[in-house]
Every structure is written in structure tokens, then in C-alpha cells.
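# Report on the structure
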Amino acid sequence: MKTEEPGRIQPLRRRMVEMLLGGGLFASIVSAIYPVLRYLVPPPVADLGGDEIVAAKVGDLKPNSSKIVRFGTRPALLLMTSEGEYRALSAVCTHLSCTVQYRNDLHQVWCACHNGMYDLNGRNISGPPPRPLEAYQVHVRGDEIVISRKREA
Amino acid sequence: MSALTRARTWLDERFHWADLVGPLKKKTVPVHRLSYWYFLGGITLFLFIIQVCTGILLLLYYRPGANEAFESVQYIMTRVQFGWLVRSIHSWAANLMILTAFAHMFSVVFLRAYRKPRELTWLSGMVLLFLALGFGFSGYLLPWNTLAFFATKVGTEITGQVPVVGRHLMIFLRGGEDVTGATLTRFFGFHVAVLPGLTTLFVLLHLALVQYFGMSVPPGVEARWKTSPQEARQMKFFPNFFLRELMAWYIALGVLGALAAILPWELGTKADPFAPAPAGIRPEWYFMFMFQTLKKIPAKLWFVDGEVVGILVFGAAGLVWMLLPFFDKAGGGRGRKFIMGAGVFALAYIIAMTFYGYAAK
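Residues numbered from 1 in each chain as written. Chains lettered and ligands numbered in written order. Predicted model: local features only at pLDDT ≥ 70, side-chain atom pairs only at ≥ 80, totals over all residues.

## Observations concerning the overall build of chain B
Within chain B one finds 14 helices and 4 strands. A compact globule built from 361 residues would reach a C-alpha radius of gyration of about 21 Å, and chain B, at 23 Å, matches this within 12%. Dimensions of chain B, computed from C-alpha atoms along their principal axes, come out at roughly 70 × 60 × 40 Å. Of all 361 residues assigned to chain B, the portion counted as buried reaches 28%. (Helix = DSSP H or I, 4+ residues; strand = E, 2+ residues; numbered from the N terminus. Rg over C-alpha atoms; globule rule 2.2 N^0.38 Å. Buried ≥ 20, exposed ≤ 12 C-beta atoms within 10 Å, placed from the backbone.)

## Points about the domain arrangement of chain A
Along its sequence, chain A is carved into domain 1 (1–41) and domain 2 (52–148). Its C-alpha centre places domain 1 of chain A at a distance of 59 Å from the equivalent point of domain 2 of chain A. (Domains from an automatic or database assignment.)

## Re the interface of chain A and chain B
Between chain A and chain B, the residue contacts involve 6 residues of the former and 8 residues of the latter. Its residues placed into classes, the side of chain A that touches chain B shows 5 nonpolar, no polar and 1 charged. (Contact = placed C-beta atoms within 7 Å. Nonpolar A, V, L, I, M, F, W, Y, C, P; charged D, E, K, R; others polar.)

## Thoughts on the domain arrangement of chain B
Residues and elements named next belong to chain B. If you check the domain split of chain B, you get domain 1 (33–145 + 183–215 + 233–269) and domain 2 (282–361). Centre-to-centre separation of domain 1 and domain 2, based on C-alpha positions: 24 Å. Contact residues are listed per partner, giving 13 residues for domain 1 and 10 residues for domain 2. The dominant element in the side of domain 1 that touches domain 2, judged by the number of residues it contributes, is helix α6 (residues 119–141), at 7 residues. Here the side of domain 1 that touches domain 2 is built from residues that sort into 10 nonpolar, 1 polar and 2 charged.

Next up, the structure:
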């Protein structure tokens, strides 16, 4: 491999061979890495919950109590205020995604991870949460309490 | 380039880089008409590396457990992008690796590379072969399909026939009296933790021994080189042989990719422990010769179970085979003849019984 003398132009044939070899190697490496990268991407999980679920039966909840229900793939918080009004919120804290809980002593929604506090409309009122919790619509249909995502008109 | 030089200087100041790579630089490979056989060990190593890489990829989605294993492999093959390819490569490379390991072993026997001072290299190689067979046996069960379920039942049952320790060994392997989800959990543990750890250790030992002793020259060539030293030719390992080896790996990768893409590995149907065994239950091909032998031994030989006799004979044969290099010095050439005879017989027996096993169904 002593062809690299200074000032000497490499013959075209040698450059051709090097290009073919390099190109072939490059193509081989790409064709090995590409499937691996695609393989690493997890296939999308089907969100089976839809936009509406039956969260509880009428009478399941007493005033000033709550329940965590599965809404699609994420938890939701269904609570009854002291006045007997239903509220439904996303139970995923907007700070770092812990699951929040209803504090019946404070009448507020609390995240235990970093002491985040929300009011009963889901507004972030103290602690680190940057945004309010998503609020869901609650309907009572017969004896079923149905929660659904708010449709944007 | 200067960054590379600087990095080398940095390392050299601390680790005496030159001393570390010195032996590798000095390593040479003998050149003669049988040099091609030197590639087989390297190709086996390459396939093992492929197994480690694809195995790690499969671990990202595989779930052990009787209720999940089959479904997770199905998921890999149908939902994960290129999952079918990764699993096919893992299965094909496993089989090719066993094949090249066997070819490597027989080439060592017939070129008499096992002889003094390389007895320990042979022994470490034999341990690696047994580990590879263990990989095959444990990995076969992991997709939890019907074929593998019954093959594992039969395989572990045979282990149970070994006198004295057999039953305990069987229960240890199965994680209970029967092949159940507990067996799957165990086999999974062996396959992804115990065997890879041991294999890595023995591969390093095997390579260190090969490096220490250098490449064996077949006796015929060696004798010729002794009488006329000007004929003796060596090739530098790095880069001359190394690049050739890389080329062999590249071809192996091509063959592997083609096989995996054109003949993807089947999954079969999910194992049902309460369904009768379907026709055509068979182990992986590299166990076929033993399987077929045990099938042909009569139920009773004199007053002993045929199975037990078969297992004892295979055990004894395996032991003799492992100790093969130590017969080399025996009685003025008789040992050598015995080893050659044993090699030819073993190869012929394995090939004949394997074909017989597939033909007989």
C-alpha cells in the first residue's frame, strides 16, 4: 500500500475500486443498522378506552370522596364534592406524571410526589405543577356515571 | 489522524499500549493448502456475536411465562418492525453456529490440531460446544410452541433416565415434576444469564489459549516444512489474515441474511400441555442422531432399560471424545489411529443417523 507518494495522482482504477468497496461497506452497514433502529421503535399501543367510559354507579361515591378509574390507557379521578357534585379530572399530574389523589381533609387534589396542589376544577394552585389537570365531562345516565373527554367545538 | 495518534500516545503513556498489542502484531498464521480450515472457529465466534446482539434485541419485547411467551413472540413477528427478521436471524444463526462449531471440531480432529500442547484448547472448545448445545436446547422452548414443548418434555425425560442423579437433574431442569411455566422461567434464566456468562468466560479462555500457542500446523505440512524450511510460509495475522477473516464473516452474514429473509423461521402453534402430542415431534437437528438412536434401541437389553443403556453409551462416548487428545501419545501410533478412526466413525454415525431420523419421520 505504498501508492500514496506525495504529489502522485492515484490512478482512476484504484479510486474506482476504493469507491466501490467503500460504497458497498457503507450500504452494508446502513442495511444492518436501519432495521435495528426501526425495531427499537415500539409499535403504537391501541387506545382501547375510546372517549367515554362508565366510571361508577350512582351511589358508589359519598360526598367528599373519590375514586381512581381507568380511562383509556391512563388513570382518571372521579370525585364527589361535599356539595354532592361530580367532577372528573385526569389523574396524571402535569408536573412529572405521578397519579394524583383527592384529599378529603383539604378538599383539594394533591400529588404526593412533589406536593403539587390542584383545586376541584383541576387548576394548579400551589407547588410545582405547571398546568391544570385536564377536566372531563360527567353525565349521569340512568344509574351510571359516565365520563367523557370534552369535545372541542 | 493526529487525534488518533494523540489518543494512542495517551493510552501508551498509561498502559504501554505497545506491549498490549505487541503479541497480536507478532501473531502469524501458517499458509498452506489447508489454511481454509482456520476460518471456521472465527465464523463460529462471529455467529455467537450475532446471537448476543439479536438476543438482546429480542429481550426488548419477549416475555417469559406460559401465558405470555408465545404471544410475545407472535407480537415480535407480526407487530414489531423487522421483528420477523431479528427472530429469524437469531434462529438461523443459532443453527449455523452449531453447524460451524461441529465443522470446526472435526477439522481439529482430522488435522490433528488437538495434539500437545493444545489439549486444554480442545477441552475448552468441548465445553463451548456443550454450552452451545445447552443454548440450543433452552432456546428451543422459549417460544412455547407445541413442537418445542414436547421436545423439551422428551429431552428432560431422557435426562431423568440417567442412573442415580437423573431424577433430581430432571426436576432441577423442569422446576418441578412436569414441563410447565416454571420450566420456561428456568430455561429463560439459563438462556439469557447463566449460559451467556459461562460462554463469554470460556470464549475468552479459548481465544487466549489459541493466542498463546499460535496456530497449529497439520503434521504432514509440518514435516515437509522441517525438511525444506524454505517452503514454510506465514501470513501476518494483522491485517492480512484479519481482513480475510472479515471477508469470511461478511459472506456468513450474507448467507445468514438470505436464509432469514427467504426462509423465515416458523412459530407453529401455541403449546397446550393437555393436548396429545402431534405427529412429527422431533428435537433440533443436532440432537437428532441421539434421538434416533434412542428410538432404535429395544425397550429391554438383557435386564436393563434400553434407554439407560443408550444414555450410558452416549455418556461414555462423550467422555472419550472429550479426552481424545490424551490418547495421541499412546503406544507408537496406535493412539493416533484410534483418534482418526473415532473421528471418522463419529462423523459418519452422526450424519447417517441424522438423515435416518429425518427419513424415518
